Amino acid sequence: AEKHAGVSCVTASMDDIQFEEAARIGQIITIKAKVNRAFKTSMEVGIKVTVQDVLNNVEKIVSAAYATYIAKPAGAGKIELEPVKLLSTEDYLEHTLAIERRKIRLGYEQVFRNLMQESNKEGDYYDTFEEEDAVPTDLTHVQSIELVQPPHANHHGNTFGGQIMAWMETVASISASRLCHSYPVLKSVNMFKFWGPSVVGDRLVFNAIVNNTFQNSVEVGVRVEAYNCEEWIKDQARHINSAFLIFNTVNDRGEMLTFPRIKP
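Cut-offs used in this document
- Residues numbered from 1 in each chain as written.
- Predicted model: local features only at pLDDT ≥ 70, side-chain atom pairs only at ≥ 80, totals over all residues.
- Heavy atoms only, no water.
- Helix = DSSP H or I, 4+ residues; strand = E, 2+ residues; numbered from the N terminus.
- Pairing = 2+ DSSP bridges.
- Axes fitted to C-alpha atoms, helices over the stretch in contact; angles between N-to-C directions.
- Patch = residues over 30% accessible without salt bridge, like charges linked within 9 Å, V, L, I, M, F, W, Y side chains within 5 Å.
- Areas by Shrake-Rupley, 256 points an atom, 1.4 Å probe, with all protein chains shown as cover.
- Salt bridge = Lys/Arg side-chain N within 4 Å of Asp/Glu carboxyl O.
- pLDDT = per-residue confidence, 0-100.
- Buried < 20%, exposed > 50% of the residue type's maximum accessible area, 1.4 Å probe, protein only.
- Contact = heavy atoms within 4.5 Å.
- Core = buried A, V, L, I, M, F, W, Y, C linked by side-chain atoms within 4.5 Å.

Here we take up unusual backbone geometry. Backbone geometry places Lys40, a non-glycine residue, at a positive phi of 65°. Along the chain, Lys40 falls in the loop between strand E2 (28-39) and strand E3 (42-52).

Written as C-alpha cells, this is what we have:
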C-alpha cells in the first residue's frame, strides 16, 4: 500500500478473511500482497498467505483477505492516488472485482443501519423467544483489557491492526468455547472495521459475545474500545474496532460438532 501511495498508509478495514488451512511450527509461510485498485483516496490490497511443509514440499493456501487502506497525509488534506497499472489478466479481474467488493461493503453498512432502526422499534423479540435447552447469551460474554506497549505499535505509534485482531480472536475464542466446551477453530473474520486509531499507552477493552449459532458454526461479535489515561478516569471510551468472527469445532475424528441454540 505504501509503495503505491508513496507515503505512509493506515488500514481502514479488512474484508472477507477466510482461513482454509492451519499453519504450524516448522512450516514455511509465504505472504503476497498487491494493490488491486485505487479509489481516489483509498485502495484495496489483496493478501494471500500460503504454507509450505518442508517434509513433503506441499504448498497450501492458509488465508486470503482484502484490506482497504487510506494514505496518511502530512497535513489535514487527503491524498489522491494514482490509478493502478494493470499488467495481466489476473490484474484486470481483481481490478473489476474490487469495485464489486466495495459496493458489497458499503451495502452491508446500510443494511446494518436499517436493521438497527427496526430493532429499536420492535425491541421485544427476546421477551417472546422460547426454546428448550437454549443457552443465554449472557453466559458467553467475555471481557479482556490490554495495554498497548511499544512492541504492539508501528513507526507512527499506532497499534498494529494484526495485534488488535490477535487479541480479538483470543477473546472471541473464549466466548465460543463457553458454548461448545471444546477448542473452537477460527474459519473467517467478517467486517473487520477500523473506526479510529489507538496508540501506545492506550488501554483497550475487548467485549465479545455469541450472536447466533448455525448448526456447525457460531458467530461471535467483538467490540473494541480505547481509553487514554484521562479518558479512563472519565470513563469516556473511543470505539475503534468491531468484527464478526465465525468458528467451528471438530472432534478427535475430524467431525464437526453441533453448537447448542442460544437465547438472546
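Quick look at the sheet that holds strand E9 (residues 217-227) now. Taken in spatial order, the nine strands line up as E2-E3-E4-E1-E7-E10-E9-E8-E6 in an open sheet, and their pairing is antiparallel. The strands lining the two open edges of the sheet, one partner per strand, are E2 and strand E6 (142-147). This sheet shows a mean twist of 25° between the axes of neighbouring strands, independent of strand direction. Where E3 lies against strand E4 (residues 59-71), eleven bridges are found, and the strand directions are antiparallel. From the neighbouring strand, Val49 faces E4, where its bridge partner is Ser63.

Together, Ile104, Tyr108, Val111, Phe112 and Leu115 line one region of the surface with nonpolar side chains, adding up to about 450 Å² of accessible area. Relative to the assigned elements, Val111 resides in helix H2 (residues 89-122).

A few words on the confidence of the model for the protein. Averaged over all residues, the pLDDT of the protein is 88; the fraction at 70 or higher stands at 94%. Element-level mean pLDDT values for the protein span from 54 in helix H3 (residues 125-128) up to 97 in E6.

On to the environment of His4. One can find His4 in helix H1 (residues 2-5). Among the residues examined, His4 registers a relative accessible area of 27% and is labelled partly exposed. For His4 and Met43, which are 39 residues apart along the polypeptide, the C-alpha to C-alpha distance reads 9.2 Å. Sequence-distant contacts of His4, defined by excluding residues within four places in its chain, comprise Val35, Ala38, Met43, Glu82, Pro83 and Val84.

This brings us to the nonpolar core. Counting 35 residues, the largest nonpolar core has Phe192, Leu204 and Val222 as its most contacted members. Listing elements by their share of this core, those giving two or more residues are strand E1 (9-19), E4, helix H4 (161-180), strand E7 (185-194), strand E8 (203-214), E9 and strand E10 (238-248). Other than its neighbours up to four places away in sequence, Leu204 contacts Ser144, Ile145, Glu146, Val148, Ile164, Trp167, Ser198, Val224, Glu225, Ala226 and Ile240. Among the nonpolar cores identified, the runner-up in size contains nine residues, and Cys9, Val35, Ala71 and Leu81 belong to it.

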